[in-house]
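Residue-level structural notes
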Amino acid sequence: MSISRPKGTMDLLPPLARPGPLQSQAAFSRILHSAGQVLNRAGAQAIATPILESRQLAEHGVGQSSDIVLKEMFEVRYQGGHGDLILRPEGTASVVRAYLENGLKQLPAPLKLWTSGPMFRAENVQKGRLRQFHQIDYEVLGSDQPLADAEAIDLMWSVVQVLGLGQAHLKVGSVGDPADRERYRAYLRELLSPAQERLSPDSRRRLEVNPLRILDSKAPADQELLSELAPQNLLDFLGEEAREHLDAVTGYLDSWGVPYQLDPSIVRGLDYYQRTAWELHHGGIGAKSALGGGGRYDGLSELLGGKALSGVGWALGVERLLLALQEEQSLQEPELGSALYLGALTEAEQPAVLALARELRALGTTEFAYRPRPAATHQREALRRGARWLGLIGPEERGSGRVSLKDLASGERWETGAAQLAAQLGWAAGRDTSR
Ligand code: HAM
């Protein structure tokens, strides 16, 4: 019997397995670390919410007419359950729920939060499109200022800059205020209804519920009709306030030199957006998939039963960042480190090896052999594990407190006192420089 992982999921492998970039746990962690640093430095606070959420949260938050809720939800079955639990498909609704539920309104506003973790969507699996994927999610709650949108976009841009992605590009637009969208929906219905038999079955249904979704459709029939009818854009339907908001956001981006392209066709796949909406694309991962997306969602809190609360934020897909880094070949090979491998030559030195290893671990990465072995065997094992240093204690060193040390990179060897060893490896007290 061989049991394999579910379709659309990934295993991330340790450095020693020398995985390709897409399966590298080290590269994955580096992305989270770099993003976290950018966001922490901007004053964002880390938060974590459960992977299990209520179905209601997704239905009210992400939206009844979204593909995510209609077709892609993972429902959780359990003893005594009533279909009320799901695996969260995204993070924004959860962060807003947690804000409301835990009274975070008491904290200074605007409140910047960030989180990361796995999300679940039962999608058709393809390159960059998984069923369990990971997002880095940034949300600002309690500000309706365009500066909050602009700062959010700038921070998303900063994350991809820090990661060294040179081929990412931002597309910024607006989905307007609810009234603007209503006028635009009416326009689309009027335009498309006479030709509705040419629409795909999905889009014919969308015509009533949410004709904006038709613009996003990948069905060839829909695309053909759209290119024939060439509908006006939602941007042409923006009211004065939404237009001013967008101008202010792009004004900030211009003044900071953040490059972006104004994209009138941005609609986004989630129902909660209002006004600013944007996506971050990358040539290397295909035009249909984005590295990340975000926008303003001032009405979301009320959809979840809360009081009015402004919000704006974004999410980046970690696996797609890995894909983009791979395409640009800018993934550094994870260094196997400068770890020390300690071994005893005979059983009599094993206690000294264990004691030294336990002490050194406060300063740097130290592994030890579980059994005494000849020096050549220890060296082979140290190399296989990617260690930089080999420290051996044998009958000659026993009782003298000395260690025979070898730099596996240069081949240089010397004897040193156990107490001086850390300093000789360049391990300063309190600082792990080894990995
Ligand atoms: P989203 O556009 O649905 O937005 O997802 C954001 C990012 O998550 C995508 O751009 C992509 O990188 C990644 N992603 C989404 N689905 C998949 C998948 N099936 N496989 C791999 N990666 C995927 C949101 O989720 C919003 N919550 C973003 C947001 C935050 N808006 C405001 N605040």
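Residues numbered from 1 in each chain as written. Predicted model: local features only at pLDDT ≥ 70, side-chain atom pairs only at ≥ 80, totals over all residues. Heavy atoms only, no water.

1. What to know about the environment of Ala109
Counting through the fold element by element, Ala109 comes out in the loop between α4 (92-101) and β5 (111-120). For Ala109, a relative accessible area of 55% translates into the label exposed. Placed 35 residues apart in sequence, Ala109 and Phe74 show a C-alpha to C-alpha distance of 34 Å. (Helix = DSSP H or I, 4+ residues; strand = E, 2+ residues; numbered from the N terminus. Buried < 20%, exposed > 50% of the residue type's maximum accessible area, 1.4 Å probe, protein only.)

2. Structural notes on the packing of aromatic side chains
One pass over the full model with this rule turns up ten aromatic pairs. Taking 5.8 Å as the distance between ring centres and 20° as the angle between the ring planes, the aromatic pair formed by Tyr184 and Tyr187 counts as stacked. On the criterion of helical spacing, the pair formed by Tyr184 and Tyr187 is a turn pair, its members being three residues apart in helix α6 (residues 178-192). Tyr184 gets classed as buried once you look at its relative accessible area, which sits at 2%. An aromatic cluster is present here, built from Tyr184, Tyr187 and Phe237 joined pairwise through their rings. Over the ring of Trp389 we find Arg388; its NZ or CZ atom is 4.6 Å from the centre of that ring. (Phe/Tyr/Trp six-rings, centres within 6.5 Å; stacked < 30°, edge-to-face > 60°. Lys NZ or Arg CZ within 6 Å of the ring centre and 35° of its normal.)

3. Description of the pattern of salt bridges
Tallied over the entire structure, the rule returns 30 salt bridges. Salt-bridge contacts for Lys71 lead to Asp202; the nearest nitrogen and oxygen are separated by 3.2 Å. Residue Lys71 is found in helix α3 (residues 67-71), and its partner Asp202 is found in helix α7 (residues 201-209); the two are separated by 131 residues along the sequence. Given the relative accessible area of 27%, Asp202 is considered partly exposed. Across the pair Arg296 and Asp298 runs a salt bridge whose closest N-O atoms are separated by 2.8 Å. Accessibility expressed as a relative area gives 0% for Arg296, which makes it buried. Among the charged side chains, a salt-bridge network with shared partners connects Asp67, Lys71, Asp202, Arg205 and Arg206. (Salt bridge = Lys/Arg side-chain N within 4 Å of Asp/Glu carboxyl O.)

4. Topic: the nonpolar core
Of all hydrophobic cores here, the largest spans 46 residues; its most connected members are Leu291 and Trp314. Among the secondary structure elements, those contributing two or more residues to this core are α1 (25-41), β6 (132-141), α5 (146-162), β7 (168-174), α10 (240-256), β9 (276-282), β11 (311-317) and α12 (318-327). Broken down by element, this core gets its largest block of residues, nine residues, from α5. Leaving out residues up to four positions away in the same chain, Trp314 has contacts with Leu39, Ile136, Asp137, Tyr138, Glu139, Ala152, Leu155, Met156, Val159, Trp278, Gly293 and Gly294. Counting 30 residues, the second largest nonpolar core, distinct from the first, contains Val62, Leu188, Leu234 and Tyr272. (Core = buried A, V, L, I, M, F, W, Y, C linked by side-chain atoms within 4.5 Å. Contact = heavy atoms within 4.5 Å.)

5. Observations regarding a nonpolar patch on the surface
Taken together, the side chains of Leu147, Tyr252 and Trp256 present a nonpolar region at the surface, about 270 Å² in accessible area. Along the chain, the position of Leu147 falls in helix α5. (Patch = residues over 30% accessible without salt bridge, like charges linked within 9 Å, V, L, I, M, F, W, Y side chains within 5 Å. Areas by Shrake-Rupley, 256 points an atom, 1.4 Å probe, with all protein chains shown as cover.)

6. A closer look at the packing of α1 against α12
It is the contact of α1 with α12, at a shortest axis distance of 10 Å, that shows an interaxial angle of 110°. Comparing the axis directions of α1 and α12 gives the class roughly perpendicular. Crossing hand, α1 versus α12: right-handed. Seen from α1, the contacting residues are Ala27, Phe28, Ile31 and Leu32; seen from α12, they are Val318, Glu319, Leu321, Leu322 and Leu325. Among the residues making up the contact of α1 with α12, the classes are represented as eight nonpolar, no polar and one charged. (Axes fitted to C-alpha atoms, helices over the stretch in contact; angles between N-to-C directions. Parallel < 35°, antiparallel > 145°, perpendicular 65-115°, else oblique. Left-handed = near helix turned anticlockwise from the far one by under 90°. Nonpolar A, V, L, I, M, F, W, Y, C, P; charged D, E, K, R; others polar.)

7. Let's talk about the domain arrangement of the protein chain
Each domain of the protein chain was delimited in the assignment, giving domain 1 (15-177 + 239-327) and domain 2 (340-424). Taking the mean C-alpha position of each, domain 1 and domain 2 sit 47 Å from one another. (Domains from an automatic or database assignment.)

8. Digging into the site of the ligand
Looking at the ligand, there are 27 residues lining it, with Glu90, Thr92, Glu123, Leu130 and Tyr273 nearest. Within the side chain of Arg121, a nitrogen or oxygen atom sits 3.0 Å from an oxygen atom of the ligand. Measuring from a nitrogen atom of the ligand, one finds a backbone N or O atom of Leu130 at 2.8 Å. Contact with the protein chains hides 96% of the accessible area of the ligand, taken as 660 Å² for the molecule alone. Broken down by secondary-structure element, the contributors of at least two residues to the shell around the ligand are β6, β10 (290-296) and β11. Tallying contributions element by element places β10 first for the shell around the ligand, with six residues. Of the residues contributing to the shell around the ligand, the split by class is ten nonpolar, nine polar and eight charged. (Near = heavy atom within 4 Å. Polar contact = N/O pair within 3.5 Å; in protein donor to acceptor, adjacent residues only side chain to side chain.)

9. Looking at the pairing of strand β14 (residues 389-393)
Counted residue by residue, β14 has five buried out of five residues, so it is predominantly covered. Burial along β14 is two-sided: the residues Trp389, Gly391 and Ile393 and Leu390 and Leu392 are all buried. Pairing of strand β12 (residues 340-344) with β14 involves five bridges; the strand directions are parallel. Bridge pairing in β14 links Leu342 to Gly391. In this structure, β14 lies alongside strand β15 (residues 402-407), joined through four bridges in antiparallel fashion. Residue pairing for β15: Leu392 is matched across the bridge by Ser404. (Pairing = 2+ DSSP bridges.)

10. Considering helix α13 (residues 350-360)
Owing to its 3.6 residues per turn, the α-helix brings residues three or four apart onto one side. All of the buried residues in α13 are Gln350, Val353, Leu356, Ala357 and Leu360. On an axial view of α13, the arc spanned by its buried residues comes to 130°, and they lie on one face. Opposite its buried face, α13 presents the exposed residues Pro351, Arg358 and Glu359, each directed more than 90 degrees away. (Arc of directions from axis to C-beta.)

11. Thoughts on the pairing of β10
Across the seven residues that make up β10, a large majority, seven, are buried. Note that β9 and β10 share five bridges and pair antiparallel. Pairing of Ala277 across the sheet is with Gly295, part of β10. Pairing between β10 and β11: five bridges, direction antiparallel. Among the inter-strand pairings, Gly293 is bridged to a residue of β11, identified as Ala315.

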